[in-house]
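Residue-level structure breakdown
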Amino acid sequence: MKNAVIGNNKQKANLIVLGAVPRLLYLLQQETSSTELKTECAVVLGSLAMGTENNVKSLLDCHIIPALLQGLLSLDLKFIEACLRCLRTIFTSPVTPEELLYTDATVIPHLMALLSKSRYTQEYICQIFSHCCKGPDHQTILFNHGAVQNIAHLLTSVSYKVRMQALKCFSVLAFENPQVSMTLVNVLVDGELLPQIFVKMLQRDKPIEMQLTSAKCLTYMCRAGAIRTDDNCIVLKTLPCLVRMCSKERLLEERVEGAETLAYLIEPDVELQRIASITDHLIAMLADYFKYPSSVSAITDIKRLDHDLKHAHELRQAAFKLYASLGANDEDIRKKIIETENMMDRIVTGLSESSVKVRLAAVRCLHSLSRSVQQLRTSFQDHAVWKPLMKVLQNAPDEILVVASSMLCNLLLEFSPSKEPILESGAVELLCGLTQSENPALRVNGIWALMNMAFQAEQKIKADILRSLSTEQLFRLLSDSDLNVLMKTLGLLRNLLSTRPHIDKIMSTHGKQIMQAVTLILEGEHNIEVKEQTLCILANIADGTTAKELIMTNDDILQKIKYYMGHSHVKLQLAAMFCISNLIWNEEEGPRRRCSSIWRDGSIRGTRKHPTSLVKEVQELASFDSFYLHTSPWTAGSCFAKAIW
């Protein structure tokens, strides 16, 4: 049976259909079966598992994993190795749930104990761990059972396969895990620190697989904060190694993995981005990623064409990711990226790719480049980027929507030429719809984009926003549990309530609800920034001609303004004083009446102040902050439109 199924998927499928699996498992678990028979059964089952995914599903349906795990309790090493080999094959299949390894709490410690039995148990167990460690919960379980200590010495094994599997195990353990990464930094193996061993494995004379995996270990440790970004092992070893992996000489799979790991390494660090951009002409090198598959006429081998087609999506995705990281902060790098041949056309094409992962990477790349004021005004306008972006926003998964809506915020900045056509294409309704999403990130982006849209906008646009959003939804957002949503909603209100005629118009129709919302926020348990924004809204209202009467006739609001003028925090003092300044500005009608209304009951901090001295004090305080300095009634006015970085 074993000889019949080796390398023959058809024979494997036939045996499974004929019911061989239950019989083999029965023999495997029978106490009367000899160890030799059990070992042969495990070998045949392992061979069946190496067939198609359907084969693995059939084995799982027969509950093969508990039977094999039970076999690990045997005292016979050959049988244990056969069970582990079969388990390795099953757990490395994409159809096998990783949780099956963690169902029984005794399995992981027993596997740790088996690591010392032979080089085969070391190889198979490390491979099982590296494939079944898929998140922080799994990392914690393995870490708590001594994975670091038990696997570290395997990096010096005489077996290359054992060293590689141990290395892969450390890469999955360290990924986004500060606890594991901090531990790895201090681990000694034969008197040498683990990071130094990883650096040795980066050397050019080592196999490419080893170089790449070592670079991933160091990258993940760096991103977790265990290694500084300016450490020589990152700047002089890891980064150059990953750039080498992006060259034409490497296999397509290696180029994909190298580019994605490098993108992750440099993503948060400006200096690493600059170093990478000038290393081995990386920006130009990445352009080659878009040239697959090669033209059919140039390919004589059909297998090569199939290989190119298989990896073409992955290459484009990796290139977009790396371009996004490279251009995250530096204007000169963004310019070089956009000037790369046909770059904007490639990104725009990427937005309509069939692969969700490629579309997401293309949107991320475009979002990164949209942080440039110059590119927003030139390249983005020349290629009408907003059109495919609006299509993406119509029907896309949340992960794409989050990035695409972030980018839309940048395209709606006041200096972006795309702002007007986006408004004309029905963006208001789309963004108002995002504010109702269950995803907090989408709500933030929807309200942020509306805030940018309302910045110094015409009355018609503001009216469209209020009509589409509805006051009910606006006030739901003001009570949102997410702080970012609340802050951006207050920013939207500030931008809506700017320019005197607009203030009076909006307050004439929505004044009662807005004043209620302001009162609730000022009375609530909110942080300084939220209350400062709320007082700025009041200052805008106070700049209106008729709108200010809503404050003057509301004793509760007046008392709150006076309270915050005496607050211990200077930001709240300043914002409250500008409310007063706008209310009593002496070029407008009735300032003395308003002064006496505000101050009829006396003092702030126990000191009675004359209105004239109050205005003088406000203006003196104003000189400390150039944004608030004014020679006419101050409008806290527009919350500066900000791009999402």
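All residue numbers refer to positions counted from 1 along the written sequence of the respective chain. Reporting of local features is limited, given that this is a predicted model, to residues whose pLDDT is at least 70; pairs of side-chain atoms are given and counted only at 80 or more, and all residues count toward the totals for whole chains, interfaces and linings. Water and hydrogen atoms play no part in the side-chain values, which are based on all heavy atoms of the structure.

A look at the packing of helix α30 (residues 440-454) against helix α33 (residues 483-496)
Here the axes come from fitting lines to C-alpha atoms, over the contacting stretch only for helices, and the angles between their N-to-C directions go from 0 to 180 degrees. Secondary structure counts use DSSP, requiring at least four H or I residues in a row for a helix and at least two E residues in a row for a strand, with both numbered from the N terminus. Closest axis-to-axis distance for the α30/α33 pair is 8 Å, and the angle between their directions is 15°. Considering their axes alone, α30 and α33 lie roughly parallel with respect to each other. Crossing angle aside, the handedness with which α30 passes α33 is left-handed. Between α30 and α33, the contacting residues are P440, R443, V444, I447, W448, L450, M451 and A454 on the first element and N484, V485, K488, T489, G491, L492, N495 and L496 on the second. Comment on the angle field: the value is read as roughly parallel under 35 degrees, roughly antiparallel over 145, roughly perpendicular from 65 to 115, and oblique elsewhere. Left-handed describes a crossing whose near helix is turned anticlockwise from the far helix through less than a right angle; right-handed describes the clockwise counterpart. Residue contacts follow a heavy-atom distance rule, with two residues in contact if any of their heavy atoms lie within 4.5 Å.

Some words on helix α15 (residues 208-223)
Structurally, the α-helix is built with 3.6 residues per turn, so residues lying three or four positions apart point the same way. With 16 residues, α15 extends 22 Å between its outermost C-alpha atoms, agreeing within 8% with the 22 Å of an ideal straight helix rising 1.5 Å per residue. Each residue is assigned to one of three classes by its accessible area relative to the maximum for its type, calculated with a 1.4 Å probe on protein chains only: buried under 20%, partly exposed between the two thresholds, exposed over 50%. Taking burial as the measure, the 16 residues of α15 include 14 buried ones, the bulk of the element. Of the residues trailing α15, G225 is marked for its positive phi of about 90°. Multiplying 1.5 Å by the residue count of a helix minus one yields the expected span of that helix.

Quick word on the UniProt feature "repeat: ARM" (unreviewed entry) in the chain
The UniProt record marks residues 19-55 with the feature "repeat: ARM" (unreviewed entry), using the residue numbering of this structure. With 76% helix and 0% strand, residues 19-55 has its two end C-alpha atoms placed 12 Å apart. UniProt positions are given in the numbering used here, feature names are shortened, and annotations may be inferred rather than shown by experiment.

What to know about helix α38 (residues 570-583)
Over its 14 residues, α38 runs 20 Å from end to end, which matches the ideal 20 Å to within 8%, given 1.5 Å per residue. Along α38, the residues classified as buried are L572, Q573, L574, A575, A576, M577, F578, C579, I580, S581, N582 and L583.

A few points about the pattern of salt bridges
By definition here, a salt bridge exists when the distance from a side-chain nitrogen of Lys or Arg to a carboxyl oxygen of Asp or Glu is within 4 Å. Taken as a whole, this structure holds 23 salt bridges when the rule is applied. Notably, a salt bridge pairs K200 with E192, separated by 2.8 Å at the nearest N-O pair. The exposure class assigned to K200 is partly exposed, which follows from its relative accessible area of 42%. A relative accessible area of 22% means that E192 is categorised as partly exposed. Across the pair D205 and K206 runs a salt bridge whose closest N-O atoms are separated by 3.9 Å. For K206, a relative accessible area of 28% puts it in the partly exposed group. Overlapping salt bridges bring together K248, R255 and D288 as one network.

Observations concerning the packing of helix α12 (residues 160-174) against helix α13 (residues 178-185)
Close contact between α12 and α13 brings their axes to 8 Å; oriented N to C, the two are set at 135°. Considering the angle they form, α12 stands oblique to α13. Contact residues: F170, L173 and A174 in α12; V180, S181 and L184 in α13. Throughout this entry, Asp, Glu, Lys and Arg are counted as charged residues, while Ala, Val, Leu, Ile, Met, Phe, Trp, Tyr, Cys and Pro are counted as nonpolar. The remaining residues, Gly among them, count as polar. Residue classes in the contact of α12 with α13 are distributed as 5 nonpolar, 1 polar and no charged.

A short note on unusual backbone geometry
Of note in this structure, E176 is not a glycine but carries a positive phi near 50°. Topologically, E176 is positioned in the loop between α12 and α13. Given the relative accessible area of 56%, E176 is considered exposed. Positive phi values are uncommon outside glycine, yet N342 reaches one of about 55°.

Here we look at the packing of aromatic side chains
Any Phe, Tyr or Trp ring, taking Trp's six-membered ring, that has another such ring centre within 6.5 Å forms a pair; planes under 30 degrees apart are called stacked, those over 60 apart edge-to-face, and the others tilted. Scanning the model with the defined rule gives 7 aromatic pairs in all. Judged by centre distance (5.8 Å) and plane angle (75°), the rings of Y220 and Y264 are edge-to-face. Of the two residues, Y220 is situated in helix α15 and Y264 in helix α17 (residues 252-266); the sequence distance between them amounts to 44 residues. Each member of the pair Y220 and Y264 is classed as buried. Members of the aromatic cluster, connected to one another through ring pairs, are F175, Y220 and Y264. Lying across the ring of Y264, R223 places its NZ or CZ 4.2 Å from the centre. Across from the ring centre of W448, 4.3 Å away, lies the NZ or CZ of K488, which sits over that ring. Two conditions define a charge sitting above a ring: the NZ of Lys or the CZ of Arg must be within 6 Å of the ring centre, and it must be within 35 degrees of the ring normal.

With respect to the state of the cysteines
Cysteine sulfur atoms are paired as a disulfide whenever they come within 2.5 Å of each other. Within the structure shown, the criterion is met by 0 disulfides. With no disulfide of its own, C126 lies closest to C169 among cysteine sulfurs, the gap being 5.0 Å. A relative accessible area of 0% means that C126 is categorised as buried. When its relative accessible area of 1% is taken as the criterion, C169 is described as buried.

Topic: the environment of S277
With respect to the secondary-structure elements, S277 resides in helix α18 (residues 270-277). One polar contact links the side chain of S277 to the main-chain carbonyl oxygen of R274, over a distance of 2.8 Å. Identification of polar contacts relies on pairs of N or O atoms within 3.5 Å, with a donor-acceptor requirement for protein atoms, meaning one able to donate a hydrogen and the other able to accept it, and with residues adjacent in sequence counted only if both atoms are side-chain atoms.

A word on the environment of L550
Within the secondary structure, L550 sits in helix α36 (residues 549-552). Between the alpha carbons of L550 and G511 there is a distance of 7.4 Å; along the sequence they are 39 residues apart. With near-sequence residues (within four places) excluded, L550 lies in contact with M507, G511 and M515.

Quick notes on the side chain of T121
Among the secondary structure elements, T121 is positioned in helix α9 (residues 119-132). Assessed through its relative accessible area of 0%, T121 is described here as buried. A distance of 2.9 Å separates a polar side-chain atom of T121 from the backbone oxygen of L114. In this structure, T121 is in contact with L77, E81, L84, L114 and L115, ignoring residues within four places of it in sequence.

Observations regarding the confidence of the model for the chain
With 89% of its residues at a pLDDT of 70 or more, the chain shows a mean pLDDT of 88. For every residue, the predictor states its confidence as a pLDDT score lying anywhere from 0 to 100. α15 holds the highest mean pLDDT among the elements of the chain, 98, whereas helix α40 (residues 611-622) holds the lowest, 44. In the model, residues 599-645 has pLDDT below 50 throughout and makes 104 contacts with residues more than four positions away in sequence or in other chains.

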